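An overview of the molecular structure
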Amino acid sequence: MTVAFTGTDWLALLTHFLSLSLLAIGGAITTAPAMHSYLVNDKAWLSEAQFTSSIALAQAAPGPNVLFIALLGWNVGMNAGGGINAGPGAWWLALAGVGVAMVGILLPSTTLTFAAARWGHRNRELRAVRAFKMGMAPVVIALLVATGWILASSAGSPTEHWRPWLLTSITAVIVWRTQLHMLWLLGTGALLGAMGVL
Amino acid sequence: MTVNTADQPATTMGNRPTSKTDLFMSFSLLALQGFGGVLAIAQRELVEKKQWLTRDEFLEDWAVAQILPGPNVVNLSLMIGDRYFGFAGALAALAGMLAFPLLIVLALAALLSGVSDSAVVQGALRGMGAVAAGLIAATGFKLVGALKSNPMGRTVCWALAVLSFVAIAWLRWPLVSVLLGLGSLASLWAYRQLGRAQETGVAQ
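Remember, predicted model here, so these are calculated numbers, not experimental data.

Across its full length, chain B holds 7 helices and 0 strands. Reading the secondary structure of chain B in the N-to-C direction produces α-α-α-α-α-α-α. A buried classification covers 50% of the 204 residues belonging to chain B.

Structure follows, in structure tokens:
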């Protein structure tokens, strides 16, 4: 797909990510719906398929899931350059898209985190700071288990699709109780999935 | 080194990164092992293997990384890097977390632009997704032990955890409202309990 892209559009792209950065409490993925409506629906800089495959690919690849934003930027830049077969110019624009997207989504949030975490660490003996950390602890732990639950639910309900749920449960117990390297588990999951067992 | 994490002592071990290069390399290796999310592997590497943080410290840092906006493992790397080597350390850890995974994901995007909707690839992604769900849930289970030393007490902690789980996983309430709502109620309660402990002279 090809889109016409001007200097103003680059600025708009940067501003879009900058404006979402501080709203991304709980991870960049929480702002995905807003990005979808802007990039795909309003501006038509990305196709539906490019948007969803960016998220799926970043989740499957190693590293933080925020890299789906890099892929969104990559695809916008690639489209601006006329698509993957349009020659080296498109590749440079794609890289520029990665830079704009990542700087935009990370700069405000990392700056705030840096300052806030420093303040928190310097004042870690304050009763309010300790109370915050202690109070958040059970909520945050529950959030991790709930995230696992939600990810598992994307396979369907436990009664109808018991096989992926069983795999999730077995994985959880193994990781909780043993030191087996996680790559073995991911490899097994990929293999079972590729064979169509799940 | 390979103790069962459930009984891991909550004392400071005193291990730390030796240099900014060590930080960069450690976070690179950690990120590169983090398929389907980095948190599970971060807990294992930083707490169990390298022992830069105790389980309790990890949980506290995680709470901060979680409540602040931005990708939480990125926030975590920034905080840990800054603690040992200041601003340059924060950048080193951040770069480690992002640099190699970025190259890989871009290479994959370029390579896979045609095949990513084949049934085999879709199946493999589904299988990895199911495993990734288990990894992240297990990370939560491992951190439960850290609640033992919580001044709110066992009953309140469990009640809060169960409520939060139900709100997020079953009722699908927005994350922000759960973190800010239940989180601030819990923090207020903890504040009160910490004050009581101080008054009665109980060392907390």
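Each helix and strand in chain A was counted, giving 8 helices and 0 strands. Taken from the N to the C terminus, the helices and strands of chain A come in the order α-α-α-α-α-α-α-α. If you line up chain A on its principal axes, its C-alpha atoms span 55 × 55 × 30 Å. The buried share of chain A, reckoned over its 198 residues, is 47%. Sequence-distant contacts, at least 24 apart, represent 52% of the contacts inside chain A between residues at least 6 apart.

Here the focus is the interface of chain A and chain B. Each side of the interface is counted separately: chain A has 85 residues, and chain B has 90 residues. When residues of the side of chain A that touches chain B are assigned to their parent elements, the largest contribution, 25 residues, is made by helix H6 (residues 127-153) of chain A. Considered class by class, the residues forming the side of chain A that touches chain B number 57 nonpolar, 24 polar and 4 charged.

All names here are of chain B. Contact geometry for helix H3 (residues 55-67) and helix H4 (residues 72-111): axes closest at 8 Å, N-to-C directions at 125 degrees. Classified by the interaxial angle, the pair formed by H3 and H4 is oblique. Between H3 and H4 lies a crossing whose hand is right-handed. Taking contact as the criterion, the partners of Asp61, Trp62, Val64, Ala65 and Gln66 in H3 are, on H4, Asn72, Asn75, Leu76 and Met79.

Among all residues save glycine, negative phi is the norm, and among peptide bonds the norm is trans. A positive phi angle, near 55 degrees, is found at A:Ala44, a position not held by glycine. Turning to its location among the elements, A:Ala44 is positioned in the loop between helix H2 (32-42) and helix H3 (48-60). Residue class for A:Ala44 comes out exposed when judged on the 11 C-beta atoms lying within 10 Å of it. One non-glycine residue, B:Arg172, adopts positive backbone phi at about 55 degrees. Structurally, B:Arg172 can be placed in the loop between helix H6 (154-170) and helix H7 (175-199).

Right, let's get into helix H7 (residues 162-177) of chain A. Each α-helix turn comprises 3.6 residues. Residues three or four places apart therefore point the same way. Taking 1.5 Å per residue, 16 residues should reach 22 Å; H7(A) reaches 22 Å between its end C-alpha atoms and fits that length. Buried residues of H7(A): A:Pro164, A:Trp165, A:Leu167, A:Thr168, A:Thr171, A:Ala172 and A:Val175, and no others. The arc that holds the buried residues of H7(A), viewed along the axis, is 155 degrees, so those residues lie on one side. Buried residues along H7(A) sit against H6 and helix H8 (182-194) of chain A together with helix H2 (39-49) and helix H5 (119-143) of chain B.

Here we come to the confidence of the model for chain A. Scored by pLDDT, chain A comes out at a mean of 90, with 100% of its residues at no less than 70. Taken element by element, the predicted model of chain A shows its lowest mean pLDDT in H3(A) (81) and its highest in helix H1 (residues 7-21) of chain A (95).

Turning to the packing of helix H4 (residues 67-80) of chain A against helix H5 (residues 88-122) of chain A, a few remarks are in order. Residue and element names in this part refer to chain A. Following both chains from N to C, one finds H4 and H5 inclined at 145 degrees, their axes separated by 6 Å at the closest point. H5 is crossed by H4, and the crossing has right-handed handedness. Residue-level inspection shows Ile69, Ala70, Leu72, Gly73, Trp74, Val76, Gly77, Met78 and Ala80 of H4 in contact with H5, the latter providing Ala90, Leu93, Ala94, Leu95, Ala96, Gly97, Val98, Val100, Ala101, Met102 and Ile105. Residue composition of the contact of H4 with H5, by class: 17 nonpolar, 3 polar and no charged.

The predicted coordinates ought not to be read in detail in places where the model reports low pLDDT. Residues and elements named next belong to chain B. For chain B, per-residue confidence averages 86 on the pLDDT scale, and residues scoring 70 or more make up 89% of the total. Ignoring residues within four places in sequence, the model shows residues 1-11, a span with pLDDT below 50, making 13 contacts including any to other chains. Model confidence for the complex is summarised by a pTM of 0.84, with the ipTM given as 0.86.

What follows deals with the environment of B:Gly183. By the element assignment, B:Gly183 lies in helix H7. Among the residues examined, B:Gly183 registers 25 C-beta atoms within 10 Å and is labelled buried.

Looking now at the environment of A:Thr2. Residue and element names in this part refer to chain A. Tracing the backbone shows Thr2 in the segment before H1. For the pair formed by Thr2 and Val76, sequence separation is 74 residues and the distance between their alpha carbons is 9.2 Å. For Thr2, the residues in contact, after removing those within four places along its chain, are Asn79, Gly82 and Gly83.

Here the focus is the environment of A:Trp74. Looking at where A:Trp74 falls in the secondary structure, it is placed in helix H4. Remark: the alpha-carbon pair of A:Trp74 and A:Trp91, spanning 17 residues in sequence, is separated by 8.6 Å. If near-sequence neighbours (up to four positions away) are discounted, A:Trp74 is found in contact with A:Ala94, A:Gly97, A:Val98, B:Leu106 and B:Ala109.

Parameters at a glance
Residues numbered from 1 in each chain as written. Chains lettered and ligands numbered in written order. Predicted model: local features only at pLDDT ≥ 70, side-chain atom pairs only at ≥ 80, totals over all residues. Helix = DSSP H or I, 4+ residues; strand = E, 2+ residues; numbered from the N terminus. Buried ≥ 20, exposed ≤ 12 C-beta atoms within 10 Å, placed from the backbone. Contact = placed C-beta atoms within 7 Å. Nonpolar A, V, L, I, M, F, W, Y, C, P; charged D, E, K, R; others polar. Axes fitted to C-alpha atoms, helices over the stretch in contact; angles between N-to-C directions. Parallel < 35°, antiparallel > 145°, perpendicular 65-115°, else oblique. Left-handed = near helix turned anticlockwise from the far one by under 90°. Expected span 1.5 Å × (residues − 1). Arc of directions from axis to C-beta. pLDDT = per-residue confidence, 0-100.

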